[in-house]
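Residue-level listing of the chains:
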Amino acid sequence: MRRWELSSIALVVALGAPLAICAQTLTHEGRRWTAVFNGRERAPAGSRLQVAAPGAVTLKGGATDEVQYTLRVTVEARNEAEARRLIEGIAVRPEWQGNSMMLTVLRRENAFSSSFSVRAPSLLREAVVATASGPVFVGGIDGSLTVDSAAGAITADHIRGHCRLVTGGGAISVGQVDGSLQCATGGGPITVKRVRGTAVLETAGGDIVTDEAGGPIRATTAGGSVRITSADSSVSASTGGGLIWVGRATGIVTARNVAGPVQVGAAAGVHCESGTGGIRVSNVSGSLLVSTAMGNIIASLMGGKLADSSLSTGDGDITVLIPSNVGVTIRAENDMSDTIRRIISDFPGIPIRMYGTQVVAEGPVNGGGPILRISGTGGTIFIRRQQ
């Protein structure tokens, strides 16, 4: 992650002609004095826009056919003369580099806060925003977007290209991204409404919520829940503690939960591991590799490319629901059992036997098929006919 020296902060706008920026107004409320710098410039389609600022940044594409920007700088002073001396130490120097224009804010060591607001055409080839602190909002970019913040929340919406959002700490909120998406925060929640491409979402602590993913999605949090409503590809979810919930996935769902439950509404396969927490998976058409050290397992199968599967719990019940159009071969074992009724089956074709403290059931269901291994300890295994 980049770090910006606040004694020389660059405000960069890659556009077409030199900009003249000057202080337009100076107002105050008590000891807080605010200077406002305004500017505007024509911007050709496909321009590259870069913004680097010490504070909050707002960038709105599609709002105008030219670039309009406002820099607000606030200092604390006892009177107007002192405020002007402090603000005079803040200089804005425009520079050209090829077809890019750099606006560099220079200052002395005096403290100030700032916000930078930019209105630009939506037809940008690329937009890059960097800030030392403060919230960032970017919306309406036809090209790619990169936001790098040392600390602060990030909000992005209506981005048509690749989107990369990184903050040292703060929430990340995404509306719609048509390309791929990468989000990383040192601490805070991540929420995504819609991403069409691949999504990689990472937080050191906080919930991750995604409504719709058009490509593969990987969501990782050190502590918090992961909720993915719909994914038109594979899902990989991991948390140190909290609920993992996937409503629907057309690909395989891979979930790892150190301490918490896992629920999958529908998937082409589920590979799931939980330290302590129940697991519930429904409408699974592919392989099931599910295990938990402590907790109940409920699995509902459906027709499709069913493959060899296994369900295992160290302490809890296991319930398998099998519809009439799904054929499997059951191999079930329940250790430390006190009665043969530690395995209960709705299918009379599966013989159940007891060997010491172990109950075993093996046999075909609906004509047989891929092997379904079921392993429990102490609880009860239910092999049910799905109505």
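Quick note: structure is the one above.
Here the structure is a predicted model, which is why all the values come from computation and not from measurement.

Asker: Quick one: what's the story with the pairing of strand β10 (residues 124-131), residue by residue and with numbers?
Answerer: Strand residues, when the strand is regular, have side chains that alternate between the two faces of the sheet. Along β10, seven of the eight residues are buried, which leaves the element largely enclosed by surrounding structure. Pairing of strand β4 (residues 47-53) with β10, which is carried by seven bridges, proceeds in the parallel orientation. Directly across from Arg48, in β10, lies its bridge partner Glu126. With six bridges joining them, β10 and strand β12 (residues 144-149) adopt parallel strand pairing. When the bridges of β12 are listed, Thr131 appears paired with Ser149.

Asker: With reference to specific residues and values, describe unusual backbone geometry.
Answerer: One non-glycine residue with positive phi stands out, namely His158, at about 55°. When you line up the elements, His158 lands in strand β13 (residues 154-159). In this structure, Asn283 is a non-glycine residue whose phi angle is positive, near 50°. Structurally, Asn283 can be placed in strand β27 (residues 279-284).

Asker: A description of the environment of Ile330 should follow, citing residues and the corresponding values.
Answerer: Here Ile330 is to be found in strand β32 (residues 328-335). Along the primary structure Ile330 and Gly369 are separated by 39 residues, whereas in three dimensions their C-alpha atoms are 9.0 Å apart. When near neighbours in sequence (up to four residues on either side) are disregarded, Ile330 contacts Ile322, Ile350, Ala361, Glu362, Gly363, Val365, Leu372, Ile374 and Ile383.

Asker: Summarise the environment of Val166; cite the residues concerned and give the values.
Answerer: Counting through the fold element by element, Val166 comes out in strand β14 (residues 163-167). C-alpha separation for the pair Val166 and Cys183, spaced 17 residues apart in sequence, amounts to 5.9 Å.

Asker: Describe the nonpolar core, and please don't skip the residues or the numbers.
Answerer: The biggest cluster of nonpolar side chains holds 89 residues, and the ones touching the most others in it are Leu165, Leu181, Val270, Ile322 and Ile330. Contact partners of Leu165, with chain neighbours within four places excluded, come to Leu145, Val147, Ile154, Ala156, Ile172, Val174, Leu181, Gln182, Cys183 and Ala184.

Reading the values: rules and limits
Along each chain, residue indices are assigned from 1 in the same order as the chain's sequence is written. The model is predicted, so local features are restricted to residues of pLDDT at least 70 and side-chain atom pairs to those at 80 or more, both for listing and for counting; the totals for chains, interfaces and linings are taken over all residues. To get the side-chain values, all heavy atoms of the structure are used, and hydrogens and water are removed first. Partly exposed residues are those whose accessible area sits between 20% and 50% of the maximum for their type, while under 20% is buried and over 50% is exposed, using a 1.4 Å probe and protein chains only. Note on conventions: DSSP H or I runs of at least 4 residues are helices, E runs of at least 2 residues are strands, and numbering of each starts at the N terminus. A pair of strands counts as paired when DSSP detects no fewer than two bridges linking them. We call two residues in contact whenever any of their non-hydrogen atoms come within 4.5 Å of each other. Put simply, buried Ala, Val, Leu, Ile, Met, Phe, Trp, Tyr and Cys residues joined by side-chain atoms within 4.5 Å make one nonpolar core.

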